[in-house]
Each structure stands twice: as C-alpha cells, then as structure tokens.
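Commentary on secondary and tertiary structure
Here is how the chains run, residue by residue.
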Amino acid sequence: EAGVAQSPRYKIIEKRQSVAFWCNPISGHATLYWYQQILGQGPKLLIQFQNNGVVDDSQLPKDRFSAERLKGVDSTLKIQPAKLEDSAVYLCASSLVMGASGSGKTQYFGPGTRLLVL
Amino acid sequence: AQSVTQLGSHVSVSEGALVLLRCNYSSSVPPYLFWYVQYPNQGLQLLLKYTSAATLVKGINGFEAEFKKSETSFHLTKPSAHMSDAAEYFCAVSGGGADGLTFGKGTHLIIQP
C-alpha cells in the first residue's frame, strides 16, 4: 500500500514570505497530523484532524500558521509570513481512526518537507 | 500534560554489543508508548508500541522494550547491534482524548565497527 506522500521535499524562502506544504495520507486513514521537527529535537504536534474536523490545534501558532483538510483526505499547511525560527522539517502522519479511548493507534509518517527560511 | 525524557543524546556501541536506549515518561493517564526510528532524510518508522497488553513488547529488527509502571520507563534494547541500526531513535507517549504524540528529544545511536 502507498505510504503518506508529502510535497515539496525541500523549500527555501526568505523571511516574511509565505509557503505551503501538501500531504496525502494513506488511503482510508481518517486521522491526519502535522508535526514540526526542529533540528536536534523531537517532532512537536501542530494540528490533528479527524476527517475534515480539527481535533487538536493547541500548539499551532495561529497568528502565522494555518491548516485545512477540506474534503477529509489531502491537507495543506501554510505559513504566512515565515520567520527564521520556522526552519524545520514538517512531517505529516496519518492513522486509521481515533479509538474509543483516543489513543494507541499507529501513526504512519511521510518523508517530510525540509524548510529553510533565510 | 505528558512528557518524555530520553537519557543520552548520543549513544555509541560496538557492533555485536547490547543496545540500550533509555526512555522515561510522565503521564496523568494510562499511557500508550512508542519507539520510532528515523534514518537521515526520511520520516519516522514505528519500531514497537505498548498499548496496555503485554509489558514486554517485541518490535521489528530485533528490538524490544519493557514497560515498567513503577519506574515510569520504557527502555529500548537489542541484544546485538548491527551497523544498519545507526540512526536517530525517538520515544513517544500518547494518552487521553486525542492521540497526538509527545516525543522525546531523540537519541542518536552510533555503531562502532
């Protein structure tokens, strides 16, 4: 089965510019996550979708970051305007569905988009 | 709130030696625990997970981990290291209503020939 797809793989922009990342989850996976991984750190959850609804966006910097999953499949993460500290790898993951307890489901990760803000 | 502490940002072992990567967690609810591996310029791959069944969990590539509630630990082990095990390893926890993962900072495993 095809894995989680992300594009682009690499992006270099100037600060204050905008950028968008795209993610296509594994077919049939209802839950989609975006993580930010800064060099030397573990990934940090930015936002979680269940179908096209937001489950958790408590760590998303909403003044500059936005994300959508309009049809419950593909998702787009946008940064506008970008800052130097946004340089990171942006990882998309998907899982079948949140369980009754909400936890324990295996998340499958895409290869990530490496963003460099100059 | 949940958190994960991975002791040792870098661990070096000889090929054929025991691998031990340490992970301690903090969670206010019964946790689900995961170990992921990340190779350069790749996404994360699940090694194994604990979801309240057996406390000794076996994963891929000969890795296993033991959940110890009294010690709030979930250390990763492998009896004999291979050169191909060199990578970054992340411990993660989830629990509660949503299932987003909270990751540790990672441990870089170096295998000496």
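Please refer to the structure higher up on the page.
Residues numbered from 1 in each chain as written. Chains lettered and ligands numbered in written order. Predicted model: local features only at pLDDT ≥ 70, side-chain atom pairs only at ≥ 80, totals over all residues. Heavy atoms only, no water.

**Thoughts on the state of the cysteines**
All names here are of chain A. Under the defined criterion, the tally for this structure stands at two disulfides over all chains. One disulfide bridge connects Cys-23 with Cys-92, the sulfur atoms lying 1.9 Å from each other. One disulfide, between Cys-23 and Cys-92, carries an S-S torsion of -70 degrees and so falls in the left-handed class. Highlighted residues: Cys-23 in strand 3 (residues 19-24) and Cys-92 in strand 9 (residues 88-95), separated in sequence by 69 residues. Its relative accessible area of 0% is what places Cys-92 among the buried residues. (Disulfide = S-S within 2.5 Å. Helix = DSSP H or I, 4+ residues; strand = E, 2+ residues; numbered from the N terminus. Buried < 20%, exposed > 50% of the residue type's maximum accessible area, 1.4 Å probe, protein only.)

**Brief notes about the sheet that holds strand 6 (residues 56-58) of chain B**
All names here are of chain B. Reading across the sheet, the five strands line up as 1-3-8-7-6 and stay open at both edges, with antiparallel pairing between neighbours. The sheet terminates laterally at strand 1 (3-7) and strand 6, the two strands that pair on one side only. Going across the sheet, the axis of each strand differs from the next one's by a mean of 20 degrees, ignoring polarity. Relative to strand 8 (residues 73-78), strand 3 (residues 19-26) runs antiparallel, the two sharing four bridges. If you follow Leu-21 over to strand 8, its bridge partner there is Leu-76. (Pairing = 2+ DSSP bridges. Axes fitted to C-alpha atoms, helices over the stretch in contact; angles between N-to-C directions.)

**Let's talk about the interface of chain B and chain A**
For interface size, the figure often reported is the accessible area lost on association. Each partner contributes to the interface: chain B provides 23 residues, whereas chain A provides 25 residues. In this assembly, chain B packs against chain A so that about 1800 Å² is buried in total across both faces, 47% of it on carbon and sulfur atoms. If you sort the residues of chain B by the area they bury against chain A, Asn-41, Leu-44 and Asp-99 of chain B come out on top, with a joint share of 30%. Across the chain B-chain A interface, the total number found is zero salt bridges. Linking chain B with chain A are 10 residue pairs in polar contact (both at pLDDT 80 or more), by the criterion used here. Going through the elements one at a time, strand 4 (32-38), strand 5 (44-50) and strand 9 (87-94) of chain B are the ones with two or more residues in the side of chain B that touches chain A. Counting residues per element, the side of chain B that touches chain A draws most heavily on strand 4 of chain B, which supplies four residues. Considered class by class, the residues forming the side of chain B that touches chain A number nine nonpolar, 11 polar and three charged. (Contact = heavy atoms within 4.5 Å. Buried area = accessible area lost by both parts, 1.4 Å probe. Salt bridge = Lys/Arg side-chain N within 4 Å of Asp/Glu carboxyl O. Polar contact = N/O pair within 3.5 Å; in protein donor to acceptor, adjacent residues only side chain to side chain. Nonpolar A, V, L, I, M, F, W, Y, C, P; charged D, E, K, R; others polar.)

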